[in-house]
Amino acid sequence: MQLIDGKAISSEIQKELEAQVKERKAQGKKIPHLVAILVGNVGASLSYVNAKVKACEEIGFESTLIRFEESVTEETLLNKVRALNEDNNIDGFIVQLPLPKHIDELKITQAIDPLKDVDGFHPQNLGNMMLNLPGFLPATPMGILELIKRMKIETEGKNCVIIGRSNIVGMPLSVMLGRNTYPGNCTVTLAHSKTKNLAEICKNADILIAAIGRPNFVKAAMVKKGAVIIDVGTTRVEDSSRERGWRLVGDVDFENVSPICSFITPVPGGVGPMTIASLMMNTLKALELKSK
Ligand code: GUN
């Protein structure tokens, strides 16, 4: 079994980006500026957003964190999105999801200028992704493809099972791995809560991607010997032995699955850091496209 070290690979990418920022600076060019909007105080969202801001600092990007109370109105949030669309100093921005129930996520996402939508969640970017046209790819699927590429994992003709059909992971990933490129050319099965015989379907997977947010859901009995395992889950579970009172647990029973697979991403330190690296790549790309 080979561990897919997302932390190390994301550090490599950050270093590559840092060098590009230095070059831009030396040439007197603009430095990428990413804005993250966070609504409310949910611990997991706060730590994701903080990690994104920290990555900007490490690479040399400018960054701004804009916070709103949980009670913020949809109109106030929309007005902020519109203002960021118009602000020439801002190259890309994200609105951290999930949003409180009284705010329509789709309405907010659709209000973002697709050229600044570095999360790749706008329907225009998702549509471009479907047709393999230029645009921004959603950060988590893009990070997973980058892991597959950098680990030189073969994908052509492989059976790929994705568990979870979310708009930000499973759905786009199913398209990206099915298309006629590398990574891609997989025969993709998109499994979900209504799928019958899930264990049997998973057992047939050469590449198994779990993105459902249910700790330790994928058991060894569901995994084919030599399969590639990508774990997108990051659920906080109570752990009184830790000072902070919790630890992150993936969707895969790592202890029992890792001995039988060929490659596996750990949690933490697998897919998570790659989501951030992809967001950073998209932000630089947003600026480069603007400067053309
Ligand atoms: N919530 C979970 N993942 C993401 C992400 O990649 N971007 C945003 N904006 N929200 C998220």
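What you see is a predicted model; the values in this text were computed from it and never measured.

**Student:** Any chance you could explain the packing of helix H6 (residues 139-150) against helix H7 (residues 170-178) here in plain terms?
**Tutor:** The relative placement of two packed helices comes down to the angle between their axes together with the axis-to-axis distance. Relative orientation of the contacting elements H6 and H7 amounts to 35 degrees, with a least axis distance of 9 Å. Two packed elements cross with a definite hand, and for H6 against H7 that hand is right-handed. Facing Pro141, Met142, Ile144, Leu145 and Ile148 of H6, the residues of H7 in contact are Pro172, Leu173, Met176 and Leu177.

**Student:** What exactly am I supposed to notice about the sheet that holds strand S2 (residues 33-39) here?
**Tutor:** The strands making up a sheet associate through backbone hydrogen bonding, with each pair oriented either parallel or antiparallel. Ordered by their spatial adjacency, three strands build an open sheet running S3-S2-S4, and the pairing between neighbours is parallel. What marks the edges here is a single partner per strand, and that holds for strand S3 (62-68) and strand S4 (92-95). Ignoring which end each strand starts from, the neighbouring axes of this sheet average 15 degrees apart. The sheet contact formed by S2 and S3 spans seven bridges and is parallel. Bridge assignment links His33 to a residue of S3, and that residue is Glu62. In this fold helix H2 (residues 43-59) packs onto S2, S3 and S4, with an angle of close to 160 degrees to the strand it touches most, S3.

**Student:** Quick question: what am I supposed to make of the pattern of salt bridges here?
**Tutor:** Opposite charge on two side chains permits them to pair, given that their charged atoms come into close proximity. The final tally for this structure, using the stated rule, is 13 salt bridges. Here Arg150 makes a salt bridge to Glu12, at a shortest N to O gap of 3.2 Å. Of this pair, Arg150 sits in helix H6 while Glu12 is found in helix H1 (residues 6-26), placing the two residues 138 residues apart along the sequence. Between Glu146 and Lys149 there is a salt bridge, with the nearest N and O atoms lying 3.6 Å from each other. Of this pair, Glu146 and Lys149 both sit in helix H6, three residues apart, roughly one helical turn. The exposure class assigned to Glu146 is buried, which follows from its relative accessible area of 12%.

**Student:** What exactly am I supposed to notice about the packing of aromatic side chains here?
**Tutor:** What describes a pair of aromatic rings is the distance from one ring centre to the other and the angle between the planes of the rings. Following the criterion strictly, the structure yields zero aromatic pairs and no others. For the cation-ring pair, Arg236 lies above Trp246, with the distance from its terminal atom to the ring centre recorded as 3.8 Å. The aromatic ring of Trp246 is capped on one face by Arg244, whose charged end is 3.9 Å from the ring centroid.

**Student:** Where do I start with a nonpolar patch on the surface in this structure?
**Tutor:** Where nonpolar side chains cluster on the molecular surface, the patch consists of Met1, Leu3 and Phe254 and spans about 280 Å² of accessible area. Residue placement: Phe254 occurs in helix H9 (residues 254-257).

**Student:** Sorry if this is basic, but what is going on with the sheet that holds strand S7 (residues 207-210) here?
**Tutor:** Sheet architecture is open: six strands sit in the order S1-S11-S8-S7-S5-S6, paired in parallel fashion. Every interior strand has two partners, whereas the edge strands, strand S1 (2-3) and strand S6 (187-191), have only one.

**Student:** Looking at this structure, I do not really get the nonpolar core. What am I missing?
**Tutor:** In terms of nonpolar packing, the biggest core is built from 48 residues, with Leu173, Leu177, Ile209, Ile230, Val232 and Met280 touching the most fellow members. Tallying contributions element by element places helix H10 (residues 271-291) first for this core, with eight residues. Beyond its immediate stretch of four places on either side in the chain, Ile209 contacts Cys160, Val161, Ile162, Ile163, Leu173, Leu177, Ile230 and Val232.

**Student:** How should the site of the ligand be read in this particular structure?
**Tutor:** Around the ligand, the structure places Lys52, Val95, Gln96, Leu97, Asp119, Phe121, Ile168 and Thr275. Between Val95 and the ligand, the recorded distance is 2.9 Å, taken from a backbone N or O atom to a nitrogen atom. Separating a nitrogen atom of the ligand from a backbone N or O atom of Leu97 is a distance of 2.9 Å. Protein contact buries 85% of the 280 Å² of open area that the ligand shows by itself. Grouping the amino acids of the shell around the ligand by side-chain chemistry returns four nonpolar, two polar and two charged.

**Student:** Got a minute to help me understand the pairing of S2 in this structure?
**Tutor:** For a regular strand, the rule is simple: side chains alternate between the two faces of the sheet. Along S2, seven of the seven residues are buried, which leaves the element largely enclosed by surrounding structure. Alternating residues of S2 divide into His33, Val35, Ile37 and Val39 and Leu34, Ala36 and Leu38, and every residue in both groups is buried. Handedness of the crossover is the feature at issue here: the chain leaves S2, passes through H2, returns alongside S3, and the resulting connection is right-handed. The pairing of S2 with S4 spans four bridges and is parallel. Among the inter-strand pairings, Val35 is bridged to a residue of S4, identified as Phe93.

Cut-off values and rules
- Residues numbered from 1 in each chain as written.
- Predicted model: local features only at pLDDT ≥ 70, side-chain atom pairs only at ≥ 80, totals over all residues.
- Heavy atoms only, no water.
- Axes fitted to C-alpha atoms, helices over the stretch in contact; angles between N-to-C directions.
- Helix = DSSP H or I, 4+ residues; strand = E, 2+ residues; numbered from the N terminus.
- Left-handed = near helix turned anticlockwise from the far one by under 90°.
- Contact = heavy atoms within 4.5 Å.
- Pairing = 2+ DSSP bridges.
- Salt bridge = Lys/Arg side-chain N within 4 Å of Asp/Glu carboxyl O.
- Buried < 20%, exposed > 50% of the residue type's maximum accessible area, 1.4 Å probe, protein only.
- Phe/Tyr/Trp six-rings, centres within 6.5 Å; stacked < 30°, edge-to-face > 60°.
- Lys NZ or Arg CZ within 6 Å of the ring centre and 35° of its normal.
- Patch = residues over 30% accessible without salt bridge, like charges linked within 9 Å, V, L, I, M, F, W, Y side chains within 5 Å.
- Areas by Shrake-Rupley, 256 points an atom, 1.4 Å probe, with all protein chains shown as cover.
- Core = buried A, V, L, I, M, F, W, Y, C linked by side-chain atoms within 4.5 Å.
- Near = heavy atom within 4 Å.
- Polar contact = N/O pair within 3.5 Å; in protein donor to acceptor, adjacent residues only side chain to side chain.
- Nonpolar A, V, L, I, M, F, W, Y, C, P; charged D, E, K, R; others polar.
- Right-handed = clockwise from strand over helix to strand, strands pointing away.

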